[in-house]
Amino acid sequence: MLIRYKKNLEKIAMGLLSFMPTVKDVKTLQDMIKQYETDPNWHLYLWKDDDDMIGVIGLKVNEEEKQAVIQHLSVSPSHRNQGIGKLLISEIHQQYNQYQICAEEVIDGFYKKCDLEYDSHSK
Ligand SMILES: CC(C)(COP(=O)(O)OP(=O)(O)OC[C@H]1O[C@@H](n2cnc3c(N)ncnc32)[C@H](O)[C@@H]1OP(=O)(O)O)[C@@H](O)C(=O)NCCC(=O)NCCS
């Protein structure tokens, strides 16, 4: 189940986001989470499986242009290669079906691997 980020999920979200190759230090991570908390165009979700939060996906949204860029995606190491990453991409496409969606370069290799039946809406 996709859950919208709330402050009480900060630690688990930061733990998952720390696996992003673009996160080099704690300061980057803290700035990132702060922006998800304060910037209305930055949307962060966690993936809940039973009682565990095992994935995170973050977007930057442009409401006027109806565009969304997936800028962060990470799955807990112990749950990788079970389709969770692809599921997160698919869930976001359903939730943002009015938006043109693309992914930042660091995610694009994985994004293109996802079997996107919604390709016509993607960049
Ligand atoms: C990338 C990531 C989110 C994939 O999550 P996942 O739940 O393991 O992915 P899925 O199980 O849905 O898909 C696994 C497939 O994606 C491939 N894959 C994993 N990382 C990839 C990447 N960076 N680029 C392209 N393909 C990738 C796997 O080789 C596997 O391929 P297969 O289906 O041919 O065997 C996960 O490996 C992760 O959290 N990595 C650390 C964070 C990261 O690097 N994020 C940026 C890249 S998205």
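Structure's up top.
Please read these numbers as outputs of a predicted model, since none were measured by experiment. (Residues numbered from 1 in each chain as written. Predicted model: local features only at pLDDT ≥ 70, side-chain atom pairs only at ≥ 80, totals over all residues. Heavy atoms only, no water.)

## Structural notes on the packing of aromatic side chains
Think of a pair of aromatic rings as described by two things: how far the centres are apart, and how the planes are tilted against each other in angle. Rules: Any pair of Phe, Tyr and Trp rings, taking the six-membered ring for Trp, is counted once the centres come within 6.5 Å. Such a pair is stacked with planes under 30 degrees apart, edge-to-face with planes over 60 apart, and tilted for the rest. We count a stretch as a helix when DSSP gives it H or I for four or more residues in a row; a strand needs E for two or more, and each element gets its number in order from the N terminus. With a 1.4 Å probe rolled over the protein chains alone, any residue whose accessible area is under 20% of its type maximum counts as buried; one over 50% counts as exposed, and the rest are partly exposed. Consider the ring centre and the ring normal. A charge sits over the ring if Lys NZ or Arg CZ is within 6 Å of that centre and within 35 degrees of that normal.
Throughout the structure, instances matching the rule amount to three aromatic pairs. Relative to Tyr96, the ring of Tyr45 has its centre 6.2 Å away and its plane inclined at 80°; by these criteria the two rings are edge-to-face. Residue Tyr45 is located in strand S2 (residues 42–49), and its partner Tyr96 is located in the loop between helix H3 (84–95) and strand S5 (100–103); the two are separated by 51 residues in the primary sequence. When its relative accessible area of 4% is taken as the criterion, Tyr96 is described as buried. Counting every residue linked through ring pairs, the aromatic cluster contains Tyr45, Tyr96 and Tyr99. Its end group placed over the ring of Phe19, Arg80 keeps NZ or CZ at 5.2 Å from the ring centre.

## Observations regarding the nonpolar core
Let me state the cut-off plainly: Each nonpolar core is a collection of buried residues, namely Ala, Val, Leu, Ile, Met, Phe, Trp, Tyr and Cys, held together in the definition by side-chain atoms within 4.5 Å. Residue contacts are defined here by distance: any two heavy atoms, one from each residue, within 4.5 Å place the two residues in contact.
Ranked by size, the top nonpolar core spans 40 residues in total, and within it Ile57, Ile70 and Ile92 carry the most contacts. Sorting elements by how many residues they give to this core places strand S3 (residues 52–62) first, with six residues. Those residues within four positions of Ile70 in sequence are excluded, and the remaining contacts are Ile57, Gly58, Leu59, Ile89, Ile92, Ile101, Cys102, Ala103, Glu104, Ile107 and Tyr111.

## Observations regarding the site of the ligand
The condition that has to hold: The rule for a residue being near a molecule or strand is that one of its heavy atoms must lie within 4 Å of it. Within 3.5 Å is the distance limit for a polar contact, defined as a pair of N or O atoms, with the added protein rule that one can donate a hydrogen and the other accept it, and that residues adjacent in sequence qualify only through two side-chain atoms. Accessible surface is estimated by sampling points in the Shrake-Rupley manner with a 1.4 Å probe; for residues, cover comes only from the protein chains shown.
The full set close to the ligand counts 18 residues, and Val75, Asn81, Gly83, Gly85 and Lys113 are the nearest of them. Val75 has a polar backbone atom sitting 2.7 Å from an oxygen atom of the ligand. Between an oxygen atom of the ligand and a main-chain N or O atom of Gly83, the distance comes to 2.7 Å. Relative to its free-state accessible area of 850 Å², the ligand is covered by the protein chains to the extent of 69%. Put simply, the parts of the chain that give the shell around the ligand at least two residues each are strand S4 (67–75), H3 and helix H4 (105–113).

Bear in mind that shape data such as this cannot, by itself, settle questions of function.
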